[in-house]
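The chain contents come next:
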Amino acid sequence: MGFSTSASAAILLIGCLVAASVFVPTMFSVSTDTGSALATQSDQTRDRLNTDLNVTTAIQELHVVEYEDSNGDTYNETHVDDVVVRIENTGTTGLAISSTDVLLEGKYVHPDDYQTTVIDGDDEISETDLWYPGSTLEVVVPIETIETIFGEEEYEVDRIQLTTETGISAAESITLTETEG
């Protein structure tokens, strides 16, 4: 075996080492990214499995006002009001209220257009973004927001849906509740 054969073998060996030095870090990076993605997916699946909601109240008030005209005849006039929904966090995962979407009959309601209160026993907390397990979230959508969304005055909403950051949702038909005054 001569010098030219040894030199070509050395060149091939150096070429293989250079190729390996490019290939190994690339594969290491890909495997690290894949592992990280699988860990994130596992965390999301765990949170989804630990999230559960129960709608306890879904009403829209219907006010009945009795009027008397100048002849002494009485008649009733009805007006719909705000939608009030209470949802209990029956899972084991704390949820962010700001990451919870509200839909009325499939139409998105912007978070600035409704009020939320977390009810935990006797405590009512309005200025919070945390919705702990075992607590109840009350969402009030004012009639003005409803009228803006649907383009009609005194619109009677049939259905509401809330979807959490984990993708779990709860939907309920809205009951008209009659009140006088």
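Quick summary incoming for the structure in this document. The numbering scheme is per chain: residues are counted from 1 as the chain's sequence reads. A pLDDT threshold of at least 70 governs which residues receive local features in this predicted model, and a stricter bar of 80 or more applies before side-chain atom pairs are shown or counted, although totals over entire chains, interfaces and linings include all residues. For side-chain calculations, the full set of non-hydrogen atoms in the structure is used, while hydrogens and water are omitted.

Runs of E in the DSSP output that reach at least two residues are strands. Runs of H or I that reach at least four are helices, and both are numbered from the N terminus. Scanning the protein chain from terminus to terminus reveals two helices and twelve strands. Each radius of gyration reported is based on C-alpha atoms, and the globular scaling rule is 2.2 Å times the count of residues to the power 0.38. On C-alpha atoms alone, the protein chain measures out to a radius of gyration of 30 Å, which is more than a quarter above the 16 Å that the 2.2 N^0.38 rule sets for 181 residues. Throughout, exposure labels follow a simple rule: accessible area from a 1.4 Å probe, protein chains only, divided by the maximum for the residue type, with under 20% read as buried, over 50% as exposed, and the rest as partly exposed. For the protein chain, the proportion of its 181 residues judged to be buried stands at 29%. Here the protein chain holds 5 positive side-chain charges and 35 negative ones, and the gap between their average locations is 15 Å. Residues scored as positive are Lys and Arg, those scored as negative are Asp and Glu, and His as well as the terminal groups of each chain are ignored. A charged residue contributes its charge at one atom only: NZ of Lys, CZ of Arg, CG of Asp or CD of Glu.

Turning our eyes to something else, we now look at a nonpolar patch on the surface. Each patch is built from residues that are more than 30% exposed by relative accessible area and take part in no salt bridge. Like charges join if they lie within 9 Å; nonpolar side chains (Val, Leu, Ile, Met, Phe, Trp, Tyr) join within 5 Å. With residues, only the protein chains shown are counted as cover, and all accessible areas are computed by Shrake-Rupley using a 1.4 Å probe. Any Lys or Arg side-chain nitrogen located within 4 Å of an Asp or Glu carboxyl oxygen qualifies as a salt bridge. Judged by side-chain polarity, Ile14, Val18 and Val22 come together as a nonpolar surface patch covering roughly 280 Å² of accessible area. By the secondary structure assignment, Val18 is in helix 1 (residues 3–49).

Below, the discussion takes up the pattern of salt bridges. Counted by the stated rule, this structure contains one salt bridge. Across the pair Glu138 and Arg86 runs a salt bridge, and its minimum N-O distance is 2.8 Å. Taken together, the residues span a long stretch of sequence, with Glu138 in strand 9 (residues 136–141) and Arg86 in strand 2 (residues 74–89) at a distance of 52 residues. Given the relative accessible area of 16%, Glu138 is considered buried. Judged by its relative accessible area of 31%, Arg86 falls in the partly exposed class.

Here a strand pair is declared whenever DSSP counts at least two bridges between the two strands. Ordered in space as 5-4-10-11, the four strands form an open sheet in which the pairing is antiparallel. Pairing within the sheet leaves two strands with one partner each, and these edge strands are strand 5 (107–109) and strand 11 (169–173). Averaged over all pairs of adjacent strands, the angle between strand axes in this sheet comes to 25 degrees, irrespective of strand direction. Summarising the sheet, strand 4 (residues 101–104) and strand 5 pair through three bridges and their orientation is antiparallel. Its bridge partner being in strand 5, Val102 is matched across the sheet by Val109. In the packing of helix 2 (residues 143–150) onto the sheet, contacts are made with strand 4 and strand 5, and the angle to strand 5 comes to roughly 140 degrees. Axis angles are defined between N-to-C directions and span 0 to 180 degrees, where every axis is a line fitted to C-alpha atoms and, for a helix, only to the segment in contact. In this description, contact between two residues means that some pair of their heavy atoms is separated by no more than 4.5 Å.

On the secondary structure map, Gly134 appears in the loop between strand 8 (130–131) and strand 9. Along the chain, Gly134 and Thr116 lie 18 residues apart, while their C-alpha atoms are 16 Å from each other. Residues in contact with Gly134, not counting those within four places in the same chain, are Glu88 and Asn89.

This part takes up helix 2. If you check which residues of helix 2 are buried, you get Ile143, Thr145, Ile146 and Phe150. The arc that holds the buried residues of helix 2, viewed along the axis, is 155 degrees, so those residues lie on one side. Along helix 2, exposed side chains directed more than 90 degrees from the buried face belong to Glu144 and Thr148. Considering only its buried residues, helix 2 is in contact with strand 1 (53–68), strand 2, strand 4, strand 5 and strand 9. Looking one or two residues past helix 2, Gly151 carries a phi angle of roughly 70 degrees, positive in sign. As used here, the arc is the angular range of directions from the helix axis to the C-beta atoms.

This part takes up the packing of aromatic side chains. Note on ring pairs: Phe, Tyr and Trp rings are taken, using the six-membered ring of Trp, and paired if centres are within 6.5 Å. Classes follow the plane angle, with under 30 degrees stacked, over 60 edge-to-face and the rest tilted. All chains considered together, the criterion is met by two aromatic pairs. Taking 4.1 Å as the distance between ring centres and 10 degrees as the angle between the ring planes, the aromatic pair formed by Phe150 and Tyr155 counts as stacked. Each of the two residues, Phe150 as well as Tyr155, counts as buried.

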